[in-house]
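# A look at the structure
For reference, the chains in residue letters:
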Amino acid sequence: MPRPDVNDLIAFLAVARERSFTRAAAQLGVSQSALSHTMRALEERLGVRLLTRTTRSVAPTEAGERLLQGIGPRFEEIEAELTALSALREKPAGTIRINAGEHAAETILWPALAEFLPRYPDIKVEITVDNGLANIVAERFDAGVRLGEQLAKDMIAVRIGPDFRMVVVGAPSYFKRRERPKRPQDLTQHACINIRLPTHGGIYAWEFERRGRPLKVRVDGQLVFNSTTLRIKAALLAYVAEDQVRTQLAKGQLIQVLDDWCAPFPGYHLYYPSRRQSAPAFALLVDALRYRG
């Protein structure tokens, strides 16, 4: 049997991971027709079907999944070693891909990167804002950002932010019409802004705690957002990170309620597989993000 070309295997990995000829072709810098031809030729040489194609999707067959799991980690190891060679350069270089939620990206990553990147012009950082708990290995991210309570046990984790609270706020105009809630259960009688998070099976239940007693409340209202910015702007009851509304609270533009039920969460951590430690550019970024408070 003719041996597959390494480039053909790289092309297969791109298609199998992206589940799309369009995205894989863009990633590889080739046309979709050329990529499709490469895949057909690879399947012919191996004598086995690797991909199931429909008009809307592409997915690995059983044989394709076996090949993906078998050679994928090995190619990642090769990429990591090649990246580590940048240590021999005078200037650290490389592209670092990070998956993070909206709040972490805005309050932790961006302020740190604004200072870090000008010092290292050959380092590039790509941030994908995603409020779901992505599998950073399967989706080929170098690192992810999660709260301390959500960290995977098989990952290295570095704390990059302080503890923080989620709080309930509303506009003064809203409370002119409605009595302020005195306990979390009262929220069921209010016009609240719901939050849609993919990791919570759809609509997120607001989380409270007092004297060690946790409580979740499913609220109702006409609006559902997956954006923090829109929740703050709407003149209804919203559940948001305290640090994002401090200015509005200080100016009286928002009013906070149920303060004694809003306990702090463990702060954000950067997490990543151990193979990433050897890359100099990555090590520099981890040190820049490390929380020293």
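Look up a bit, the structure's there.
Here the structure is a predicted model, which is why all the values come from computation and not from measurement. (Residues numbered from 1 in each chain as written. Predicted model: local features only at pLDDT ≥ 70, side-chain atom pairs only at ≥ 80, totals over all residues. Heavy atoms only, no water.)

### Observations regarding the overall build of the chain
Counting its secondary structure elements, the chain contains 9 helices and 16 strands. Counting all 293 residues of the chain, 43% fall into the buried class. The contacts of the chain with a sequence gap of at least 6 include a subset with a gap of at least 24, amounting to 74%. Per element, the accessible surface of the chain, about 16,200 Å² overall, is 50% carbon and sulfur. Separation of charge centres in the chain, based on 41 positive and 33 negative side chains, amounts to 5 Å. (Helix = DSSP H or I, 4+ residues; strand = E, 2+ residues; numbered from the N terminus. Buried < 20%, exposed > 50% of the residue type's maximum accessible area, 1.4 Å probe, protein only. Contact = heavy atoms within 4.5 Å. Areas by Shrake-Rupley, 256 points an atom, 1.4 Å probe, with all protein chains shown as cover. Lys, Arg positive; Asp, Glu negative; His and termini not counted. Charge placed at Lys NZ, Arg CZ, Asp CG, Glu CD.)

### Topic: the environment of Leu-236
In this fold, Leu-236 is placed in the loop between α7 (228–233) and β13 (238–241). Separated by 45 residues in sequence, Leu-236 and Ala-281 place their C-alpha atoms 44 Å apart.

### Quick look at the sheet that holds strand β5 (residues 143–147)
Spatially, 5 strands are ordered β4-β3-β5-β16-β6 in an open sheet, and the strand pairing comes out mixed. Edge positions in the open sheet fall to β4 (123–129) and β6 (156–159), since each of these has one partner strand only. Here the strands of the sheet are splayed against their neighbours by 25 degrees on average, with no regard to which way each runs. Both strand β3 (residues 94–100) and β5 contribute to a ladder of 2 bridges, which runs parallel. Note that in β5 the partner of Ile-98 across the bridge is Ala-143. Packed on one face of the sheet, helix α5 (residues 102–116) meets β3, β4, β5 and β16 (268–272) and runs near 170 degrees to β4. In the packing of helix α9 (residues 280–289) onto the sheet, the strands contacted are β3, β4, β5, β6 and β16, and the crossing angle to β16 comes to about 165 degrees. (Pairing = 2+ DSSP bridges. Axes fitted to C-alpha atoms, helices over the stretch in contact; angles between N-to-C directions.)

### Focus: α9
In an α-helix, one turn spans 3.6 residues, which is why side chains three or four residues apart end up on the same side. Here α9 has its buried residues at Ala-281, Phe-282, Leu-285, Val-286 and Leu-289. Each buried residue of α9 lies within a common arc of 135 degrees when the element is viewed along its axis, so the set occupies one face. Each element contacted by the buried residues of α9 is listed here: β3, α5, β4, β5, β6 and β16. (Arc of directions from axis to C-beta.)

### Considerations on the sheet that holds strand β8 (residues 193–197)
The mixed open sheet is built from 3 strands, whose spatial order is β9-β8-β12. Taken across any chain shown, the strands that pair with only one partner, and hence form the sheet edges, are β9 (202–203) and β12 (223–225). Judged from the 2 bridges that link them, β8 and β9 form a sheet pairing that is antiparallel. Among the inter-strand pairings, Arg-196 is bridged to a residue of β9, identified as Ile-203.

### Remarks on the layout of surface pockets
Reported here for the largest pocket is a volume of approximately 960 Å³. Around the largest pocket, the lining comprises 37 residues; the ones closest to its centre are Arg-17, Glu-76, Glu-79, Glu-139 and Arg-140. Where the lining of the largest pocket is concerned, the elements lending two or more residues are α1 (6–18), α2 (21–28), α4 (62–84), β3, β4 and α9. It is α4 that contributes the most residues to the lining of the largest pocket, 11 residues altogether. A breakdown of the residues in the lining of the largest pocket according to their chemical character gives 18 nonpolar, 7 polar and 12 charged. (1 Å grid on protein atoms, 1.4 Å probe; cavity = no way out; pocket = protein on both sides within 12 Å on 5 of 7 lines; lining within 4 Å. Points joined across faces, edges and corners; volume = space filled by probe spheres on them. Nonpolar A, V, L, I, M, F, W, Y, C, P; charged D, E, K, R; others polar.)

### Comments concerning the pairing of β16
Within a regular beta strand, the side chains point alternately toward one face of the sheet and then the other, so they alternate between its two faces. Across the 5 residues of β16, 5 count as buried, placing the element largely inside the fold. Burial of β16 is two-sided: the residues Tyr-268, Leu-270 and Tyr-272 facing one way and the residues His-269 and Tyr-271 facing the other way are all buried. The pairing of β5 with β16 spans 4 bridges and is antiparallel. Within β16, the position partnered with Val-145 by the bridge is Leu-270. In terms of strand pairing, β6 meets β16 through 4 bridges, oriented antiparallel. The residue of β16 that forms the bridge with Ala-157 is Tyr-271.

### Focus: the packing of α1 against α2
Taken N-terminus to C-terminus, the directions of α1 and α2 make an angle of 135 degrees; their axes are 8 Å apart at the nearest point. As judged from the angle between their axes, α1 and α2 are oblique. Handedness of the crossing formed by α1 with α2: right-handed. Residue-level inspection shows Ile-10, Ala-11, Ala-14, Val-15 and Glu-18 of α1 in contact with α2, the latter providing Phe-21, Arg-23, Ala-24, Gln-27 and Leu-28. (Parallel < 35°, antiparallel > 145°, perpendicular 65-115°, else oblique. Left-handed = near helix turned anticlockwise from the far one by under 90°.)

### Some remarks on the nonpolar core
Core analysis: the largest hydrophobic core is formed by 58 residues, its most contacted members being Val-145, Val-168, Leu-187, Trp-206, Phe-208, Tyr-239 and Leu-270. Setting aside residues no more than four positions away along its own chain, Phe-208 makes contact with Val-168, Pro-184, Leu-187, Arg-213, Pro-214, Leu-215, Val-217, Tyr-239, Leu-258, Trp-261 and Cys-262. Counting 20 residues, the second largest nonpolar core, distinct from the first, contains Ala-11, Phe-12, Ala-24 and Ala-25. (Core = buried A, V, L, I, M, F, W, Y, C linked by side-chain atoms within 4.5 Å.)

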